[in-house]
Amino acid sequence: MSEAIDGAAVWVVIPAAGAGRRFGAAVPKQYLDLAGRTVLDRVLDLFLGHPAILGCVVALSAEDDWWGDSAHCDDPRVQRAPGGAERCDSVASALARLGAQAATTDWVLVHDAARPCLRRTDLDRLLAALVDEPVGALLAVPVHDTVKQAAAAAAGPITRVATTVPRQLLWRAYTPQAFRLGLLRRALAAAAAAGLAVTDDASAVELLGLQPRLIEGQADNLKITRPEDLPLAQFFLTQQGRLC
Ligand code: C5P
């Protein structure tokens, strides 16, 4: 039996139905080889090795030809759900799958399949923050660069600055993002009904007027997006002592 938080079980949802077009490889980025193991398997390794996690739901595309080769495809703690057109649709689909077996008060950690460098210490910090937390929480990193907002797209190739955005209150939203199952399902359904394809789970909860808690995480929890991110992820895993 896994360790619950205040009596609530903890589940993980992994949206893994993206095509990874910005990466441009023959396989979606979650199935790229990262030092002898796929990106997605490395993500699952961390969660399935954690005593707090009761089970995972992985949202997969109908065109997915690779899951059957996963080291975790036969693990009874890992279930599948059909992916959707956008990330938020894939998450909603996985939550619907969980709805049949989990309580609405259970915690769900949503984590991008393309973030294989999540540290156990960051995961533990997020889980610790959920005790007595009324809304939910997400890993995030304060912005240290000066941030420019571009002028509305003009004709031609030149992009110009419209304004400089004060960075003092800006954070980059990472994953996992943790919310109660019932709240997150309600939030995503409301966003969808409003025609909003939110790009993270906290955004949907914010639209309900709630304020998720920001938990500062490590910046090496990168989302593999472009080809240069893959060697960077390997470097981070080596630095963390997770590769032999
Ligand atoms: O495209 P992006 O990098 O923002 O995707 C973040 C995560 O959402 C990835 O793990 C990707 O596989 C997943 N995703 C999904 N369904 C989609 C689009 C993206 O599960 N329709």
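Residues numbered from 1 in each chain as written. Predicted model: local features only at pLDDT ≥ 70, side-chain atom pairs only at ≥ 80, totals over all residues. Heavy atoms only, no water.

So, the overall build of the protein
Helix and strand counts for the protein come out as six helices and 11 strands. Principal-axis analysis of the C-alpha atoms places the extent of the protein at approximately 55 × 40 × 35 Å. A burial count over the protein gives 47% of its 244 residues as buried. Partitioning the contacts of the protein with sequence separation of at least 6, the portion at a separation of at least 24 is 71%. Accessible surface, the protein as shown: approximately 12200 Å² in total, 52% of it carbon and sulfur. The centroid of the 24 positive side-chain charges in the protein is displaced by 5 Å from the centroid of its 27 negative side-chain charges. (Helix = DSSP H or I, 4+ residues; strand = E, 2+ residues; numbered from the N terminus. Buried < 20%, exposed > 50% of the residue type's maximum accessible area, 1.4 Å probe, protein only. Contact = heavy atoms within 4.5 Å. Areas by Shrake-Rupley, 256 points an atom, 1.4 Å probe, with all protein chains shown as cover. Lys, Arg positive; Asp, Glu negative; His and termini not counted. Charge placed at Lys NZ, Arg CZ, Asp CG, Glu CD.)

With respect to the site of the ligand
Around the ligand lies a shell of 16 residues, among which P15, A17, K29, S90 and K223 are the nearest. A85 places a main-chain nitrogen or oxygen 3.1 Å from a nitrogen atom of the ligand. Between the ligand and E86 there is a distance of 3.5 Å, counted from a nitrogen atom to a backbone nitrogen or oxygen. Protein contact buries 85% of the 460 Å² of open area that the ligand shows by itself. In this structure the site holding the ligand corresponds to the largest pocket. Of the residues belonging to the shell around the ligand, the class tally is six nonpolar, four polar and six charged. (Near = heavy atom within 4 Å. Polar contact = N/O pair within 3.5 Å; in protein donor to acceptor, adjacent residues only side chain to side chain. 1 Å grid on protein atoms, 1.4 Å probe; cavity = no way out; pocket = protein on both sides within 12 Å on 5 of 7 lines; lining within 4 Å. Sits in = over half its atoms within 2 Å of the grid points. Nonpolar A, V, L, I, M, F, W, Y, C, P; charged D, E, K, R; others polar.)

A look at the packing of helix α2 (residues 87–99) against helix α4 (residues 181–193)
Put simply, α2 and α4 touch, their axes get as near as 10 Å, and they point 140° apart. As the angle between them shows, α2 and α4 are arranged oblique. For the pair α2 and α4, the crossing hand works out as left-handed. Contacts between α2 and α4 involve C88, V91, A92, L95, A96, L98 and G99 from the first element and L181, L184, R185 and L188 from the second. Of the residues belonging to the contact of α2 with α4, the class tally is nine nonpolar, one polar and one charged. (Axes fitted to C-alpha atoms, helices over the stretch in contact; angles between N-to-C directions. Parallel < 35°, antiparallel > 145°, perpendicular 65-115°, else oblique. Left-handed = near helix turned anticlockwise from the far one by under 90°.)

Section: the pattern of salt bridges
In total, this model carries 10 salt bridges according to the counting rule given. The salt bridge partner of D201 is R87, with a shortest N-O separation of 3.2 Å. In this pair, D201 is assigned in helix α5 (residues 201–207) and R87 in helix α2, connecting sequence segments 114 residues apart. Under the relative-accessibility criterion, D201 is labelled buried at 1%. Its salt-bridge partner being R125, residue D122 comes within 2.9 Å of it at the nearest N-O pair. Taken as a pair, D122 and R125 lie in helix α3 (residues 120–129) at a separation of three residues, close to a single helical turn. (Salt bridge = Lys/Arg side-chain N within 4 Å of Asp/Glu carboxyl O.)

Some thoughts on the packing of aromatic side chains
Taken as a whole and assessed by the stated rule, the structure comprises two aromatic pairs. With centroids separated by 6.0 Å and ring planes inclined at 55°, the aromatic side chains of F235 and F236 adopt a geometry described as tilted. For R115, the ring lying beneath its charged end belongs to Y174, and the centroid distance is 4.9 Å. (Phe/Tyr/Trp six-rings, centres within 6.5 Å; stacked < 30°, edge-to-face > 60°. Lys NZ or Arg CZ within 6 Å of the ring centre and 35° of its normal.)

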